[in-house]
Every structure is written in C-alpha cells, then in structure tokens.
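Observations on the model geometry
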Amino acid sequence: MPYSIAVDGPAGAGKSTIARKIAELKALVYIDTGAMYRACALKAIRLGISCSDAVSVEKMMEDINIDFKGSDTNSIDRNIFLDGEDVSSLIRTPDVSKGASDISALSSVRIRMVELQRKMAEGYNVILDGRDIGTFVLPNADLKIFLTASADERARRRLDEMRAKGDMISDFEDVKRDIEYRDHNDSNRSLAPLRKAEDAVEIDTTRMSIEQVVEAVCKLIVIKC
Ligand code: DC
C-alpha cells in the first residue's frame, strides 16, 4: 500500500526544505503545493488581474494548465510549468508570494488545485507540503507533521535564502512583515485555513538544525508508515 506524508505549517517554517530531504531519502514523490498557488498568482499578475478579484480569477481558472515535470516522477527537482512554460524561478518573488496567499483564499482556485493535488498523489508514496494537506487535501495521510518556528526565525531564514539568490535590497523588517501578512491571511480565510490537524505531530524547529528535523521525521515514518 502506498503511503502519504502531509507537511503543513506557516511560511518559512522549513516545510519544503524538509519535505525535499525526506523525499530524497525515502524515494517519495514530492509535491510542492505552494508552487501551484504561486503559479496561479503569476498568471493573474501577468494578466493584470487582482489576486483578490474572485470573478476575474474564476474566469482565468477556466483556462490554466499547471504541471510538474522532471526527468522522472520521483525526482525532487521537478520544475513547475504554467501553460507549458517553466516558471520555477519566476514564482519566487515577494509579489508572487503575496499574490499566492491572496489567490489561494478563492474557492475557484482551491477547488481546482486540491483536485489536481489529490490526483498527483494517487497511487504513489508521496510527501506534500502546504497549509491544508493534513486537514483537507489528504485527511487520511499516514503521517501528518506540523512545522513551526518563531516569526523572527522564519524571517531570518527567508532573508538568508533571498540573500543567497542575490537579493540585497529586502531587509529583515520587510521580510518579517510579508511573513506576518501571509500568516494572518492563510490562517483566517474561510476555506481550508492553515491549521494543525488534530492528529498531526507538531515540531517547533526554531532551535533545531535541518538534520535534527529530518531525523525526527524519519523516526516518525518508521512508526507510522
Ligand atoms: O508554501 P508557499 O510559501 O510556497 O505558499 C504560497 C502561498 O500559497 C501561501 O501563502 C498560502 C498558499 N497555500 C495554500 O493556501 N495552501 C497550500 N496547500 C499551499 C500554499
């Protein structure tokens, strides 16, 4: 029987870093669900549509194609394609982050993305990271992890990532403000808000190294999967 792992938590808690490492170690299919909402936001931004405009976004969603492609399904380095174009690096800007948080609150977007995510996960050993995986997308996941860290620590990690990619303009306060905006938005929307599933194991990573978190998750996999 294939097994599934759900990794949820707020922005910058380390979900994708940990999910990728676990996918690599255990040969799981990795699905970055945040990238899918980011691709929707990028399309809206390019079309000049507000990511909060429910009517225009619903129309936009009638004609959108989102897919992951790579050398094989089990590769953790699969890129995300929007209408046939590789947008993997274009979706990592602050504007798209904010847009993704806004657009993900709209039902036309969530219904399409959740359907796609469930389809992609079917029949594979999978790890999905996002906000609503354990509560909504895969309520029967074999293992549910809820990753947290203090807002300061999450902002520090995000800023380090941005610096490493050459962004020398954003400062700590900008990044922390963006993270807090998204935390509030993602936790307070009516549809599948960011929430710890009752049966999820919470790991506060504020003072943990990546290796320590990976080790903790691997121990849980042995018990639960
Ligand atoms: O994980 P991320 O930062 O790439 O996600 C971008 C936004 O997408 C996030 O602010 C909220 C939304 N999102 C969501 O609503 N549900 C998910 N399963 C994943 C992301």
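Attention in this report is confined to the structure presented alongside it. Just so we're clear, the structure is a prediction, and the values are computed from it rather than from any experiment. (Residues numbered from 1 in each chain as written. Predicted model: local features only at pLDDT ≥ 70, side-chain atom pairs only at ≥ 80, totals over all residues. Heavy atoms only, no water.)

1. Here's the deal with the sheet that holds strand E5 (residues 85-86)
So the rule is basically this: The criterion for strand pairing is that DSSP finds at least two bridges linking the strands in question. Each helix is a run of H or I in the DSSP string that is no shorter than four residues. Each strand is a run of E no shorter than two, and both are numbered from the N terminus.
Reading across from one edge, E3-E4-E5 is the order of the three strands in this open sheet, with antiparallel pairing throughout. Two strands in the sheet have a free side with no partner beyond their single neighbour: strand E3 (66-69) and E5. Sheet topology places E3 next to strand E4 (residues 79-82); four bridges connect them, and they run antiparallel. Paired with Phe 68 across the bridge in E4 is Ile 80.

2. Description of the environment of Leu 116
To be explicit about the condition: Buried means the residue's accessible area, taken with a 1.4 Å probe over protein chains only, is under 20% of the maximum for its type, while exposed means over 50%, and partly exposed covers the values in between. Here, two residues are considered to be in contact whenever any of their heavy atoms come within 4.5 Å of each other.
With respect to the helices, strands and loops of the structure, Leu 116 is situated in helix H5 (residues 107-121). Here Leu 116 falls in the partly exposed class, since its relative accessible area comes to 22%. Distance in space between the C-alpha atoms of Leu 116 and Val 137 is 10.0 Å, their sequence separation being 21 residues. If sequence neighbours within four positions are ignored, Leu 116 has contacts with Met 36 and Ile 66.

3. Points about helix H1 (residues 15-26)
Given 3.6 residues to a turn, an α-helix orients residues that are three or four positions apart in the same direction. Quick reminder of the rule: A helix is expected to span 1.5 Å multiplied by its residue count minus one. Our arc is simply the arc of the directions from the helix axis toward the C-beta atoms.
Spanning 12 residues, H1 covers 16 Å between terminal C-alpha atoms, matching the ideal 16 Å at 1.5 Å per step. Among all positions of H1, only Lys 15, Ile 18, Ala 19, Ile 22 and Ala 23 are buried. Buried residues in H1, looked at end-on, bunch into an arc of 135 degrees, giving them a common side. Exposed side of H1, more than 90 degrees from the buried face: Glu 24 and Leu 25 are the residues found there. Packed against the buried residues of H1 are strand E1 (4-8), strand E2 (29-32), strand E6 (126-130), strand E7 (143-148) and helix H9 (210-224). Ala 27 occupies a position one or two residues after H1 and carries a positive phi of about 55 degrees.

4. As for the site of the ligand
The test is simple: Here, proximity means that at least one heavy atom of the residue falls within 4 Å of the molecule or strand. Whenever a nitrogen or oxygen atom comes within 3.5 Å of another N or O atom, the pair is scored as a polar contact, on the condition that within protein one atom can donate a hydrogen and the other can accept it, and that pairs from neighbouring residues in sequence are kept only if both atoms are in side chains. To measure how exposed things are, a 1.4 Å probe is used in the Shrake-Rupley method; for residues, cover is taken only from the protein chains shown. Gly falls in the polar group here, along with every residue not listed as nonpolar (Ala, Val, Leu, Ile, Met, Phe, Trp, Tyr, Cys, Pro) or charged (Asp, Glu, Lys, Arg).
The full set close to the ligand counts 15 residues, and Arg 38, Arg 110, Asp 132, Asp 186 and Arg 189 are the nearest of them. At a separation of 2.9 Å, an oxygen atom of the ligand approaches a polar side-chain atom of Arg 182. Between the ligand and Asp 186 there is a distance of 2.8 Å, counted from an oxygen atom to a side-chain nitrogen or oxygen. Coverage of the ligand by the protein amounts to 97% of the 450 Å² it exposes when considered alone. When contributions to the shell around the ligand are tallied by element, the ones reaching two or more residues are helix H2 (33-47), helix H4 (94-103) and helix H8 (172-188). Per-element accounting of the shell around the ligand gives the leading share, four residues, to H2. A per-class count over the shell around the ligand returns two nonpolar, five polar and eight charged.

Bear in mind that shape data such as this cannot, by itself, settle questions of function.
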